[in-house]
Amino acid sequence: MTTTEKDPQDIYIQIAGWIEQSIAEVESANLAHDAGEHISQAAGTSLEVLGAYRDSVDKDLEKLRQVSEWDVFTISLYGETNAGKSTIIETLRILQGEAGKAQSQASFRELAKGINLDGSEVAALQKAIQDLSSQTIQTQALLQETTRSQQRSEQLAGQAIERQRDAIRQKIETLGLLQKIVHWFKKLDEENQLGLDEARLRSMQDEHREAAAKVQAQLQALEVQSAARKQDLQALDDIYEKLAPHQDGAIIGDGRSDFTLASQSYAFEVSGQKFALIDVPGIEGTEDRVSEAIYDSVKKSHAVFYITPKAAPPNKGEGKVKGTLEKIKEHLDDQTEVWSVFNKRATNPQALKKEQLLDEGELGGIQDLETHLKAQLGPSYQGSFSLSALPAFYAATDCLLPTNAHYKARGKFIGALDREALLEKSRFAEFARFISQDICSNYKEKILRANLRKIKSSLERGHQVLDGVIENFRRASKDLERQLKYAHGELDKISSGTCSRIESTCHDGLAESSSKLRKAIHDDIDKDIGNEQFEAKLREHVDGMGGELKDTLARAMEVQQSKIAAEVEDVLRRFDRNASEILDVTLSRPLEGGMPPFGLEFKLDNGINTLGLLSAFIGGAALLLSNPAGWVMLAIGAVSLLFNFYKAVRGFFSSDYKKAQQRKWADENIARLFDSIKAGLRDNVDKAAAELQGEVDKLKKRLSAPLDSVQRIAQSLSEAGRAFKKISRQFN
């Protein structure tokens, strides 16, 4: 299929119309059948399944339509957490002048004009602040020590003066009157000395205050200098804070799981070629937080790079826990172009000074990686590429703050190899050319092929689920066929067995009646009755025997009727139970690969009304088994008792001969009578057997209801499935 001048988005609407049309055709075909109630129910179930298929595919296609990209060739960088996807994208943004990155770098450089970003100014300020802090601490300690020393000196001098004053007071108190008069005009020598000592104390205190003032002045000067340096550092910090949002590497993870939780797309244009790169969250993160972002990204992409930090196959899952290999299959199975990219970790520039980026072990690991990915993805897997992204980032960036975690490492790599050498040795220059030139070639055709492949895959996922549902119905059909065949056999056994039992029961009753009739007439003959009386007695006994035989056979028929009802009911109930179990278990069987059956729960009625079928069958059978009197009396009436020969010769024989002749004629007539009854019995049993088998055949036909329903459903779904697959083939 190819796109037209119309909006490619119309493809999704067109597919929905085709599916709806296919379902309508199945519905019309179902309506065209003159079917019973159970087939109508089957048709309804078919439409329910197809409606669920339609809703599921419509939902999947609508989601695909919303995320699909038809204009710009889009590449997703997909892989494990902390594999280096963001590092690769950030480096490409710098090297290939992605608009957002170019604007960010321009802002960084504008804000950084006139600022030394080599870190020396910050280091000098930090050292100056540290030195001033140390000097301040030392000066404070000196001030404290000086103050303590001065206070001690002043205290000792003050105490000495106080002692002098006490001594002078005591001496004056001991002076005589004449000495006191003289003292008024002339001070004591001690008083003169006290004055000198007090003057010296005042001089000491003045010196101390002056010395303390000098130290305090030094402290204040240090604090002023420290505040000035701190202010200078804060000014730099303020500048760094403004620069920080614009520095390179902001999207690069810091090693934490789930650093990237949302997909981010970056638009590129290199030499007129437009393309986009999507940074996809790590597939080993908290999947319930990132699964939607991963789905949208890979569905939007026309090519996918699987980024891995290990030169080894992705790990496999265990039990119900999915491994990376299973996730790759799940996420990328409908891609048309998948590449693996081994991102070798290099923390030391010496790793890039070797002739080859990869060693022998890594080359072997890459071969194993490719083998596993080819097995999972088939022809969609295109090959592998190896590089070392972080050194390439160090070579590409020049917008880093000294406070950035990558700043020192960049200096180490740039010091060992120049920018061009780092890009070549890390193979990133080659990768950048591959991205912007090789992979984007023929991009319109690639976009079309990739989007149509995703549409086809979406349809095929629906087909796969529908095929699973159809297979479940087919399994149910086979299981029901086995159960139905068994039930038919059981009903046939009941039919043939019933007729045999009826004939056997009747023969037993006839034998008993024949014996009783013979004994009764023989008892009369033994009484030496006359021939006419013999004839009358025989007719009387025959008539009585007919009534008794009618009652005996009627009771026997009632027993057989109850027995056949119980046997048929047992067959019907077992078939009902088994058919219901087959429908419940088989139709609810999980689909291959754990695929969800459109959210349907099949509760198909088995179509068996056990009591209704039993009543209808017993009603018909009862008519055949409940009226033995009719054909018994007809058989008796059809036999004429023969006495003529006996009457012609009756006067010529003795009494014993007469009795013997009477016994002979009684036995012959009884034998003829019961032969006639047995012949009637055979005719009626044969007729009843045929009619009973007819009732059984009706019952067997009605038991086919669940099988007919399941087969009709499977047929309808298969017809629709063929139509749906015809739609898919248009996207080859």
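Please refer to the structure higher up on the page.
Residues numbered from 1 in each chain as written. Predicted model: local features only at pLDDT ≥ 70, side-chain atom pairs only at ≥ 80, totals over all residues. Heavy atoms only, no water.

On to the overall build of the chain. Helix and strand counts for the chain come out as 21 helices and six strands. Long-range contacts, defined here as pairs at least 24 residues apart, represent 85% of the contacts in the chain between residues at least 6 apart. When the accessible surface of the chain is split by element, carbon and sulfur atoms take 50% of a total near 37900 Å². (Helix = DSSP H or I, 4+ residues; strand = E, 2+ residues; numbered from the N terminus. Contact = heavy atoms within 4.5 Å. Areas by Shrake-Rupley, 256 points an atom, 1.4 Å probe, with all protein chains shown as cover.)

A word on the nonpolar core. Counting 72 residues, the largest nonpolar core has Ile19, Ile455, Leu459, Leu717 and Phe724 as the members making the most contacts within it. Of all the secondary structure elements, the ones that give two or more residues to this core are helix H1 (10–32), helix H2 (37–67), helix H15 (443–526), helix H16 (531–587), helix H20 (655–703) and helix H21 (705–729). Beyond its immediate stretch of four places on either side in the chain, Ile19 contacts Tyr53, Arg54, Val57, Leu459, Phe724 and Ile727. Judged by nonpolar contacts, the second largest core, of 63 residues, contains Tyr78, Ile94, Val341 and Leu422. (Core = buried A, V, L, I, M, F, W, Y, C linked by side-chain atoms within 4.5 Å. Buried < 20%, exposed > 50% of the residue type's maximum accessible area, 1.4 Å probe, protein only.)

On to the packing of aromatic side chains, then. Under the defined criterion, the tally for this structure stands at 11 aromatic pairs. A network of ring pairs unites the aromatic residues Phe305, Trp339, Phe385, Phe428, Phe431 and Phe434 as a single cluster. Positioned above the aromatic ring of Tyr295 is the side chain of Lys63, whose terminal nitrogen or guanidinium carbon lies 4.2 Å from the ring centre. The ring of Phe385 has Arg427 lying over it, and the distance from NZ or CZ to the ring centre is 4.6 Å. (Phe/Tyr/Trp six-rings, centres within 6.5 Å; stacked < 30°, edge-to-face > 60°. Lys NZ or Arg CZ within 6 Å of the ring centre and 35° of its normal.)

This brings us to helix H5 (residues 120–173). A turn of α-helix holds 3.6 residues, and therefore any two residues three or four places apart point the same way. The end-to-end C-alpha distance of H5 is 79 Å, a good match for the 80 Å that 54 residues give at a rise of 1.5 Å each. Buried within H5 we find Val122, Leu125, Ile129, Leu132, Thr136, Thr139, Leu143, Gln150, Ile161, Gln164 and Ile168. Where H5 is buried, its residues contact helix H7 (189–243). (Expected span 1.5 Å × (residues − 1).)

This brings us to the side chain of Glu80. Among the structural elements, Glu80 can be located in the loop between strand S1 (73–79) and helix H3 (85–95). Lys310 is the oppositely charged side chain nearest to the buried, salt-bridge-free Glu80, at an N-O distance of 4.3 Å. Not counting residues within four places of it along the chain, the set of residues in contact with Glu80 comprises Lys85, Gly282, Ile283, Glu284, Tyr306, Ile307, Thr308, Pro309, Lys310 and Thr324. (Lys, Arg positive; Asp, Glu negative; His and termini not counted. Salt bridge = Lys/Arg side-chain N within 4 Å of Asp/Glu carboxyl O.)

All right, on to the pattern of salt bridges then. Tallied over the full model, the rule gives 43 salt bridges. The salt bridge involving Lys127 is made with Asp131; its shortest N-O contact spans 3.0 Å. Taken together, the residues Lys127 and Asp131, both in helix H5 and four residues apart, mark about one turn of the helix. Glu535 serves as the salt-bridge partner of Arg539, at 3.6 Å between the closest nitrogen and oxygen.

Moving on, we get to the sheet that holds strand S4 (residues 303–308). On the basis of which strands lie adjacent, the open sheet formed by six strands has the order S2-S3-S1-S4-S5-S6 and mixed pairing. Strands with a single pairing partner mark the edges of an open sheet, and in this sheet they are strand S2 (264–270) and strand S6 (381–387). Ignoring which end each strand starts from, the neighbouring axes of this sheet average 25 degrees apart. In this sheet, S6 lies alongside strand S5 (residues 338–343) in parallel orientation, the contact comprising six bridges. Looking across to S6, one finds that Asn343 is bridged to Leu387. On top of the sheet, helix H10 (residues 360–377) reaches S4, S5 and S6; it is set at about 155 degrees to S6, its chief contact. (Pairing = 2+ DSSP bridges. Axes fitted to C-alpha atoms, helices over the stretch in contact; angles between N-to-C directions.)

Contact geometry of H3 with helix H4 (residues 99–111) gives a least axis separation of 8 Å together with a crossing angle of 70 degrees. Classified by the interaxial angle, the pair formed by H3 and H4 is roughly perpendicular. Contact residues: H3 offers Glu90, Arg93 and Ile94, while H4 offers Gly100, Lys101 and Gln105. Looking at the contact of H3 with H4 residue by residue, the classes come out as one nonpolar, two polar and three charged. (Parallel < 35°, antiparallel > 145°, perpendicular 65-115°, else oblique. Nonpolar A, V, L, I, M, F, W, Y, C, P; charged D, E, K, R; others polar.)

Bringing the environment of Gly694 into the picture now. Considering the arrangement of structural elements, one finds Gly694 in helix H20. Given a relative accessible area of 27%, Gly694 falls into the partly exposed group. A sequence separation of 199 residues divides Gly694 from Ser495, and the C-alpha atoms of the two residues are 9.6 Å apart.

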